[in-house]
Amino acid sequence: MKKLSRTGEFFMNMYATMRGAFGHRNWWPGDTPFEVCVGAVLTQNTSWKNVAKAIANLANHGALDPFTLCKMPLDELAELIRPSGYYNVKARRLRNFIVLLVEKYGGDLDALFSLPVTDLREELLSVRGIGKETADSIILYAAHKPIFVVDAYTKRVLVRHGLVDEDADYDAMQELFHFHLPPDVALYNDFHAQFVAVGHHYCKKEPRCRQCPLGIYHSEAALRRLAGES
Ligand code: SF4
């Protein structure tokens, strides 16, 4: 394996520390790749608990397949996914994705996922309402291709550890991981999930660095600054 850069080593140390604290996260929740895609579209701006309720509604109505969803009236789809919040907007987004899948790929996810990563990403981003985080979640967690998913938690951790500036955009942060880490699906998968865990439990608006497993990577001065003590 290629020798890691210092930043790459730092990332791997962070990852090992989080994994030691939280264990392997076994992401993404979802029984099938199609369910992972649906979850990735529905999870924006809501908790997974609400997404799970929406997916359960779809499953209970026998609608967790592309052909049924494609034919379903939009208001019916919106009603079924209501627990996920912003349900009218999300129904349209989900429908847009399903239409691409059915009309261009015959409803076959494997056909869509057979595209090279860059083409697959471009295809997903061409769907109205699908942004980079959703597209990359589908690529990593449903298609099992190596792309690093960046979310608000990831950015918060990177900024607070001085790895990127506050104004760093999605692509710059993603490039940081791609440049310094090997293109390893299993690593990218669990690394992102660990960031979500650390963000959920500790790296909140008011950081809890002294309790956080990643607190060991801060100097005492940084810990005080982050705690608002100086
Ligand atoms: S809570 Fe503090 S130690 Fe933990 S990830 Fe955020 S900035 Fe780092």
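Everything that follows concerns the structure shown earlier in this document.
Residues numbered from 1 in each chain as written. Predicted model: local features only at pLDDT ≥ 70, side-chain atom pairs only at ≥ 80, totals over all residues. Heavy atoms only, no water.

### Examining the nonpolar core
- In this structure, Phe97, Leu112, Phe113, Phe191 and Val198 are the most contacted members of the largest nonpolar core, which totals 70 residues.
- It is helix α6 (residues 87-105) that contributes the most residues to this core, eight residues altogether.
- Residue-level mapping places this core at the junction of two domains, with at least three residues from each of domain 1 (6-25 + 149-226) and domain 2 (33-142). (Core = buried A, V, L, I, M, F, W, Y, C linked by side-chain atoms within 4.5 Å. Buried < 20%, exposed > 50% of the residue type's maximum accessible area, 1.4 Å probe, protein only. Helix = DSSP H or I, 4+ residues; strand = E, 2+ residues; numbered from the N terminus. Domains from an automatic or database assignment.)

### Overview of the packing of aromatic side chains
- All chains considered together, the criterion is met by 15 aromatic pairs.
- Judged by centre distance (6.2 Å) and plane angle (85 degrees), the ring pair of Phe11 and Phe191 falls under edge-to-face. Taken together, the residues span a long stretch of sequence, with Phe11 in helix α1 (residues 6-22) and Phe191 in helix α12 (residues 185-201) at a distance of 180 residues.
- Seen from their ring centres, Trp27 and Tyr141 are 6.0 Å apart, and the 65 degrees between their planes marks the pair as edge-to-face. One end of the pair, Trp27, is in the loop between α1 and α2 (33-42); the other, Tyr141, is in helix α9 (residues 132-142), and 114 residues separate them in sequence.
- Looking at Tyr141, the relative accessible area reads 3%, which means it is buried.
- Linked through ring pairs, Phe11, Tyr15, Phe148, Phe177, Tyr188, Phe191 and Phe195 together constitute an aromatic cluster. (Phe/Tyr/Trp six-rings, centres within 6.5 Å; stacked < 30°, edge-to-face > 60°.)

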